[in-house]
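Examination of the molecular architecture
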Amino acid sequence: MTDTRQARAVRLGPRSITALVLVSAVGVAALGWPFLAPPTSQAGAHAQDAPWLFAGLLLLLVAVLAATISESGLGPKAVAMLGVLAATGAALRPVGAGTAGIEPMFFLMVLSGRVLGPGFGFVLGSVTMFASALLTGGVGPWMPFQMLAMGWFTMGAGLLPGPDRLRGRPELALLGVYGFLSAFAYGTITNLAGWTFMTENASNIAFHPDGAVAANLARFVVYCLATSLGWDLGRALVTVALTVTLGPAILRALRRATRRAAFETPVTFGAPAE
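Residues numbered from 1 in each chain as written. Predicted model: local features only at pLDDT ≥ 70, side-chain atom pairs only at ≥ 80, totals over all residues. Heavy atoms only, no water.

What follows deals with the packing of helix H6 (residues 168-195) against helix H7 (residues 213-227). Close contact between H6 and H7 brings their axes to 11 Å; oriented N to C, the two are set at 115°. Crossing hand, H6 versus H7: right-handed. Facing Thr188, Asn191, Leu192 and Trp195 of H6, the residues of H7 in contact are Asn216, Arg219, Phe220, Tyr223 and Cys224. Here the contact of H6 with H7 is composed, by residue class, of five nonpolar, three polar and one charged. (Axes fitted to C-alpha atoms, helices over the stretch in contact; angles between N-to-C directions. Helix = DSSP H or I, 4+ residues; strand = E, 2+ residues; numbered from the N terminus. Left-handed = near helix turned anticlockwise from the far one by under 90°. Contact = heavy atoms within 4.5 Å. Nonpolar A, V, L, I, M, F, W, Y, C, P; charged D, E, K, R; others polar.)

This is the structure:
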């Protein structure tokens, strides 16, 4: 009987999982503090300190990537695949320059995470977003959150059910639905990262440090509808369209490359011929 299990380029061990959970928890707290801190707290008074918090989060992201790579024993073949996919994703991002949400890199992240697993997916998503930020000049206090969001996005694809059994149209439908919903989730996360930088005098949908949580939540919803709904919808539709049309060929190519790479096969050296 043929073993149909997919190989994993990165296996998440205890240290990697602990570091990933820590970074995710810090990221959720840093993103959601406007809705977690009561109006009477002093959190709103430190909104201008956010770039420093973002920088600290970036350091944690680097740490979790280092922990993941070191513990998993990432071999040269996996590093080479990581480099190729990250470079391809970074090159795809400026293709549409974000116009109307035309961002083809997202579908590649979905397919790569699906085939190569959640560990590799988180590393790939974060590295790809970092590389694309350098390529497009998009370096700023928002970049760590973009890296984290893309890492979550790609890792989630690796956690979808049926990686060893589900194939064909059902798998494409699953990936299409995931890509569609995740495109909106990514947009919401990145909106949270920038929304608090708006001063309350700039707009009536800006964050109010002294406002009630419900009022700020309503402002944030309107902010998303007014500023990014069209972009997120475009990103979602492009991701679905590319997944359905190009997905079968790319999935086959990734799975064939993964089988040939034999990430989980230990390297052995035979005795020299006499």
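Now, onward.
This brings us to the packing of helix H3 (residues 76-92) against helix H4 (residues 105-136). H4 packs onto H3 with a crossing angle of 60° between their chain directions and a minimal axis gap of 7 Å. Classed by the angle they form, the pair H3 and H4 counts as oblique. The interaxial crossing formed by H3 with H4 has right-handed handedness. Residue classes in the contact of H3 with H4 are distributed as 18 nonpolar, five polar and no charged. (Parallel < 35°, antiparallel > 145°, perpendicular 65-115°, else oblique.)

All right, on to helix H1 (residues 14-36) then. Taking 1.5 Å as the rise per residue, H1 with 23 residues should run 33 Å; its terminal C-alpha atoms sit only 29 Å apart, a clear shortfall. At Ala30, H1 is deflected by roughly 45°, the largest bend along its length, and proline Pro34 occurs up to four residues later in sequence. Those residues of H1 that sit buried are Ser16, Ala19, Leu20, Val23, Ser24, Gly27, Ala30, Leu31, Gly32, Trp33 and Pro34. (Expected span 1.5 Å × (residues − 1). Bend = angle between axes of the 7 residues up to and from the residue. Buried < 20%, exposed > 50% of the residue type's maximum accessible area, 1.4 Å probe, protein only.)

If you walk through the whole model with that rule in mind, you get four salt bridges. Arg235 is the salt-bridge partner of Glu103, the closest N and O atoms lying 2.7 Å from each other. Note that Glu103 is positioned in the loop between H3 and H4 and Arg235 in helix H8 (residues 229-261), a separation of 132 residues in sequence. The buried category is assigned to Arg235, whose relative accessible area is 7%. In this structure, Arg114 engages Glu171 in a salt bridge whose closest nitrogen and oxygen atoms are separated by 2.8 Å. In this pair, Arg114 sits in helix H4 while Glu171 sits in helix H6, placing the two residues 57 residues apart along the sequence. (Salt bridge = Lys/Arg side-chain N within 4 Å of Asp/Glu carboxyl O.)

What follows covers H7. An α-helical turn contains 3.6 residues, so a residue and the one three or four places further along point in the same direction. The end-to-end C-alpha distance of H7, which contains 15 residues, comes to 21 Å, matching closely the 21 Å that a straight helix rising 1.5 Å per residue would cover. Those residues of H7 that fall on the buried side of the exposure criterion are Asn216, Arg219, Phe220, Tyr223 and Cys224. The arc enclosing the buried residues of H7, seen along the axis, measures out at 140°, which places them on a common side. Seen from the buried face of H7, the exposed residues on the opposite side, beyond 90 degrees, are Ala214, Leu225 and Ala226. (Arc of directions from axis to C-beta.)

Taken together, Arg167, Arg252, Arg256, Arg259 and Arg260 make up a surface patch of like positive charges. Structurally, Arg260 can be placed in helix H8. Looking at Arg260, the relative accessible area reads 70%, which means it is exposed. (Patch = residues over 30% accessible without salt bridge, like charges linked within 9 Å, V, L, I, M, F, W, Y side chains within 5 Å. Areas by Shrake-Rupley, 256 points an atom, 1.4 Å probe, with all protein chains shown as cover. Lys, Arg positive; Asp, Glu negative; His and termini not counted. Charge placed at Lys NZ, Arg CZ, Asp CG, Glu CD.)

Turning to the confidence of the model for the protein, a few remarks are in order. Averaged over every residue, the pLDDT of the protein is 78; residues scoring 70 or more account for 74%. Ranking the elements of the protein by mean pLDDT puts helix H2 (residues 50-72) last, at 66, and H6 first, at 90. (pLDDT = per-residue confidence, 0-100.)

This part takes up the packing of aromatic side chains. Going through the model one piece at a time under the given rule, you end up with five aromatic pairs. A ring pair is formed by Phe106 and Phe153, whose centres lie 5.4 Å apart and whose planes are at 85°; its orientation type is edge-to-face. In this pair, Phe106 is assigned in helix H4 and Phe153 in helix H5 (residues 143-158), connecting sequence segments 47 residues apart. Phe153 shares its class with Phe106; the two are buried. (Phe/Tyr/Trp six-rings, centres within 6.5 Å; stacked < 30°, edge-to-face > 60°.)

This next bit is on the side chain of Ser228. Mapped onto the secondary structure, Ser228 falls in the loop between H7 and H8. In terms of polar contacts, Ser228 uses its side chain to reach the side chain of Asn191, at 2.7 Å. Contacts of Ser228, omitting those with residues within four sequence positions, involve Asn191 and Tyr223. (Polar contact = N/O pair within 3.5 Å; in protein donor to acceptor, adjacent residues only side chain to side chain.)

It is worth spelling out the environment of Gly27 at this point. Structurally, Gly27 is set in helix H1. Placed 117 residues apart in sequence, Gly27 and Pro144 show a C-alpha to C-alpha distance of 9.2 Å.

Our focus in this paragraph is the side chain of Thr154. Mapped onto the elements of the fold, Thr154 is located in helix H5. Within the structure, the side chain of Thr154 is placed 2.8 Å from the backbone oxygen of Met150, a separation counted as a polar contact. The residues touching Thr154, leaving out its near neighbours within four places in the chain, are Met109, Gly113, Gly121 and Gly125.

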